[in-house]
Amino acid sequence: MMLLHAQGVNVVYEPSRGTRIWSVRDVDLTLQQGEFVGLVGESGCGKSTLGFALTRMLRAPARLENGAIHFNGVDVASLSGEALRRQRRKGFAIVLQSAMNALNPVRTIQNHFGDILRAHAGPGDHYSEGAVRRRGAELLGKVRLDPNVLAKFPHELSGGMRQRVSIALVLALEPKMIVFDEPTTALDVIVQKAVMQTIQELQRDQGFTAILISHDLGVVLESTDRVMVMYAGRIVEDQPSKALVRGLHHPYTEALLGCYADPRAEEIHLEGIPGSPPDLSKPLAGCAYAPRCPLAEEICWKLVPPLAPLGSGAAACHVRAPSAKVPGATAAAAKAGAGTVATK
Amino acid sequence: MRQPNGQSAPGKAASVPPLVVSDVSKIYTVRGRGRGKFIAADHVSFTIPPGAALGLVGASGSGKSTLAKMITGSERPTSGSIKFGDLAVERLGAGGLRSYHRRVQMVFQDPYAALNPLHTVAYHVARPLQNFLGMSASRASERVHELLEIVGLTPPAQFAGKLPHQLSGGQRQRVVIARALACDPELVVADEPVSMLDVSLRSGVLKLLAELRANRGLSLLYITHDLLGARIITDEILVLHKGKVVERGATKHVLQHPKDEYTVQLLDAIATPFAANGAATTH
C-alpha cells in the first residue's frame, strides 16, 4: 500500500532578497507502507531539507516552492494549523540530527514524555503522572532502556542513551512514518551499531515506514531495504540496498563507494571525491555532477538527465542509464562504452 | 590532492624529541549523587618516537581524550610522568605551558565549534603567529596565505576573509589544521579530526595529515574510534578500553590479527557497504 507520494518537490532557501538557493529540485518519491528507505549524500545535497519538506518542518527562509505531497491520501503540502497538528499526532514524525541536544536540560525524561503525551492527547484523554510513567516505561523498554531512566535528567545519560530517549519520544504517538535525520552521526561506532540495530528491530516489529537520512552509505546499506542517492538537490540513483554494491551505477554512487575500505585489507586505497558540489544558487544547465565526473560526455553539460532504468532500479545519468526520452544519450553512452565498463 | 610546499626543512624529525608517557593514571573524583572515583586512565605507557604517528583507538569513555588533555598539559596526571624530550610536561607552570604550546598543538574534533563564528579565517590562523612567534600583522598575513595553501584552501586570498559559516565542514577542519601548524609545532595531537565530517571528505583530510607529517617531520598522535583512518595514517596503534591499554602493535598487524575481544568488537562495528549484504566486492 502506498503511504507517501511526492511529486515535483522543490525547496528554495531565500536568506536575503535576490538570493535563492535551490536546495531540493524536482524530486518525485513514492514510499510503500512499511518500507525502510535510506537517503544518502554529502552535506548540502538537500537530504535533510527533503526530509523536512516531507514532514512539513520547513521554516523560513526555506519554503516549499511547488510540488505535491500526499501522505496517506491527504495533501499535506497545503495543511496548516490543527489539521497539520493532527498529522503530527498519528501521521509522521522526525528524529532530529541534534537529538542528543534536543532534550530540555532542566526537565526529567518523564517530563518529556508528559509533555508530548499531553500536548497531543485526544479529547477526553487524560494523562496522570502515573499514566505517563507507565507509558514512558513501556516506550523506554522498546528502545532497550531501563524504566529508571524516567527519573533522570538528560545530562545523566550518555549520548547513545539520549538518542534512544528521543526515539522513544517519537514512538509515543505511534506515527505511520518516521524520518531519522542522521540519528547516529555523533555516536561512536559500537554505540552507533547498537542504536541502528534497535531502529531496525523497531521498524520491523512496529511496521512504521522509515526514512533514514545519512551521509554514511555503509550505515544506510546495512539497515535499509532501498536507498536513494541525492546530489545537488536531486535524486540521482534509486536502488534496492542489496543490489547497490553490485553492477553499474551512477558515477557519483561509485565515488561514494570508493570512500570505503576494509581496515583489515592488505592494501588500502581510498579514492575520496575530488572537487566540490555545485553552487546551488545558480541554475544548472546539465548534470550537476558533470564537473566532477570521470565519464562526462558532451551531452552531460547540456541536458539534465532524468531518472531512467538501471539494473534493478533507476539512475539519472546520460552515460550509464541513457533515457529513451533524451535524444543523443544512447550515442553518448555507446561512445563512453558504458555497457562494457567492467564492475570495479 | 595538492602537495604542501614543505615550508620547514625536511629532516626536521632529527630535532623533534620523543614523547614518553610512563605509567600515567588519571582518577577523577565524582561528587554528588553516585559519588566515587572514575579511572579515566589506568597505568598507560607509550612512546611516540620523533616523526612517528601513533593511533589511540577506543570507544567513547575509554580515556582517549583524557590522555590527549594530559599530553597537551590541560590536565595533570594523578600519577606517572609525561616527558617531551627533557621537559616534564606534568610539572609545567603557566609560563612553561605557554612555550610548550608552541611546540605541541591540537586539532579538535568539532570544526563547527573550534572556530569563533565572529572572526575570519585569517584571524584564526594569524593568532598563534602573533601570540607565539611575535609576528607583525603584515608578516603574519603573508604567512597565513602560505599556511592556507599548505592545507589546500586555494586560492588563499579567497578564503582568508571568509567567516566560518561560509565554509563547509571539511574546509573548516582545514582551517583548524592550518592554525595548529601556524607556530610550526613538533607534535600535533589530533582528537577525532574527521568524525564530524562527511565520509567523502574524510579521506582528503586524512591524506593532508599524512602528507604534513611526512613533509614537515612532525610527530602525530591520532585519536579516533575510526579504524580505517587509523590504518591510513598511523604506524602503530594502542587500543584503549576503560582507561587501560588492551592491545598495541603495528597498525596493520593489530587490525589483521586482533587479539583482544574489544578490538574485534570495534572492527565488527564498522559499517561498510561491502560487508553489508554479504557482497564480496573489493576495490
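Residues numbered from 1 in each chain as written. Chains lettered and ligands numbered in written order. Predicted model: local features only at pLDDT ≥ 70, side-chain atom pairs only at ≥ 80, totals over all residues.

Caption draft 1: Representation of the sheet that holds strand 4 (residues 62–71) of chain A. Residues and elements named next belong to chain A. Read from one edge of the open sheet, 4 strands run 2-1-4-5, paired in antiparallel fashion. The open sheet has two edge strands with one neighbour each: strand 2 (19–32) and strand 5 (74–75). Of the strands in this sheet, strand 1 (2–16), strand 2 and strand 4 touch helix 1 (residues 47–54), which is tilted by about 115° from strand 1. (Pairing = 2+ DSSP bridges. Helix = DSSP H or I, 4+ residues; strand = E, 2+ residues; numbered from the N terminus. Contact = placed C-beta atoms within 7 Å. Axes fitted to C-alpha atoms, helices over the stretch in contact; angles between N-to-C directions.)

Caption draft 2: Focus on the sheet that holds strand 1 (residues 19–30) of chain B. All names here are of chain B. Strand order in the open sheet made by the 4 strands is 2-1-4-5, with antiparallel pairing throughout. The strands lining the two open edges of the sheet, one partner per strand, are strand 2 (36–48) and strand 5 (87–88). Both strand 4 (residues 79–84) and strand 5 contribute to a ladder of 2 bridges, which runs antiparallel. The residue of strand 5 that forms the bridge with Lys-83 is Ala-88.

Caption draft 3: Quick look at the interface of chain A and chain B. Listed per partner, the contact involves 34 residues of chain A and 30 residues of chain B. Mapped by element, the contributors of at least two residues to the side of chain A that touches chain B are helix 6 (189–206), helix 7 (217–223) and helix 8 (251–257) of chain A. Counting residues per element, the side of chain A that touches chain B draws most heavily on helix 7 of chain A, at 5 residues. Counted by class, the side of chain A that touches chain B contains 16 nonpolar, 8 polar and 10 charged residues. (Nonpolar A, V, L, I, M, F, W, Y, C, P; charged D, E, K, R; others polar.)

Caption draft 4: Fine view of the confidence of the model for chain B. Residues and elements named next belong to chain B. Taken as a whole, chain B shows an average pLDDT of 85; of its residues, 91% reach a score of 70 or greater. Low confidence marks residues 1–11, where pLDDT is under 50. Its contacts with residues over four positions away, or in another chain, come to 19 contacts. Within the model, the stretch residues 276–283 combines pLDDT values under 50 with 17 contacts to residues more than four positions away or in other chains. (pLDDT = per-residue confidence, 0-100.)

Caption draft 5: Inspection of the packing of helix 3 (residues 109–119) of chain A against helix 4 (residues 129–142) of chain A at higher detail. Residues and elements named next belong to chain A. Between helix 3 and helix 4, the shortest axis-to-axis distance is 9 Å and the interhelical angle comes to 105°. Judged by the angle between their axes, helix 3 and helix 4 are roughly perpendicular. Where helix 3 abuts helix 4, its residues Gln-110, Phe-113, Gly-114 and Leu-117 lie against Val-132, Arg-133, Arg-135 and Gly-136. Here the residues of the contact of helix 3 with helix 4 are counted per class, giving 3 nonpolar, 3 polar and 2 charged. (Parallel < 35°, antiparallel > 145°, perpendicular 65-115°, else oblique.)

Caption draft 6: Expanded view of helix 5 (residues 159–171) of chain A. All names here are of chain A. With 13 residues, helix 5 extends 19 Å between its outermost C-alpha atoms, agreeing within 8% with the 18 Å of an ideal straight helix rising 1.5 Å per residue. Within helix 5, 12 of the 13 residues are buried, which leaves the element mostly enclosed by the surrounding structure. Listed as buried for helix 5 are Gly-160, Met-161, Arg-162, Gln-163, Arg-164, Val-165, Ser-166, Ile-167, Ala-168, Leu-169, Val-170 and Leu-171. Of the surrounding elements, those touching the buried residues of helix 5 are strand 6 (92–95), helix 3, helix 4, strand 7 (177–181) and helix 6. (Expected span 1.5 Å × (residues − 1). Buried ≥ 20, exposed ≤ 12 C-beta atoms within 10 Å, placed from the backbone.)

Caption draft 7: Just the confidence of the model for chain A, in detail. A residue-level look at chain A finds 94% of positions with pLDDT of 70 or above and a mean pLDDT of 87. Taken together, the stretch residues 339–344 of chain A has pLDDT below 50 and engages in 5 contacts with residues farther than four places along the chain or on a different chain.

Caption draft 8: Seen up close, the pairing of strand 9 (residues 226–231) of chain A. Residues and elements named next belong to chain A. Across the 6 residues that make up strand 9, a large majority, 5, are buried. Taken together, the 4 bridges between strand 3 (residues 36–40) and strand 9 define a ladder with parallel strand orientation. Residue pairing in the sheet places Val-37 in a bridge with Arg-226 of strand 9. Summarising the sheet, strand 9 and strand 10 (residues 234–240) pair through 6 bridges and their orientation is antiparallel. Across the sheet, Met-230 pairs through a bridge with Ile-235, a residue of strand 10. The hairpin turn running from strand 9 into strand 10, its antiparallel successor, is 2 residues long, and Ala-232 in that turn takes a positive phi close to 50°.

Caption draft 9: Examining the pairing of strand 6 (residues 104–107) of chain B more closely. Residues and elements named next belong to chain B. Judged by which residues are buried, strand 6 turns out to be covered on both faces: Val-104 and Met-106 on one side and Gln-105 and Val-107 on the other are all buried. Examined bridge by bridge, strand 6 and strand 7 (residues 187–191) share 4 bridges and lie parallel to one another. Considered in strand 7, the bridge of Val-104 is made with Leu-187.

Caption draft 10: Broad picture of the environment of B:Val57. All names here are of chain B. Turning to its location among the elements, Val-57 is positioned in strand 3 (residues 53–57). Expressed as a C-alpha distance, the spacing of Val-57 and Val-194, which sit 137 residues apart in the sequence, is 14 Å. Excluding anything up to four places from it in sequence, Val-57 contacts Thr-224, His-225, Leu-227, Ala-230, Ile-237, Leu-238, Val-239, Leu-240 and Leu-266.

Caption draft 11: Main features of the nonpolar core. Ranked by internal contacts, the top residues of the largest apolar core, which has 175 residues, are B:Val125, B:Ala178 and B:Leu221. Residues within four places of B:Leu221 in sequence aside, it is in contact with B:Ile48, B:Leu54, B:Leu56, B:Ile71, B:Leu187 and B:Val189. (Core = buried A, V, L, I, M, F, W, Y, C linked by C-beta atoms within 7 Å.)

Caption draft 12: Local environment of unusual backbone geometry. Residue and element names in this part refer to chain A. Note the cis peptide between Ala-60 and Pro-61, where omega equals 10°. By secondary structure assignment, the location of Pro-61 is in the loop between helix 1 and strand 4. Positive phi, normally seen in glycine, also occurs at Asp-26, with a value near 45°. Among the residues examined, Asp-26 registers 16 C-beta atoms within 10 Å and is labelled partly exposed. Here Arg-144, not a glycine, exhibits a phi torsion of approximately 65°, which is positive. Mapping Arg-144 onto the fold places it in the loop between helix 4 and helix 5.

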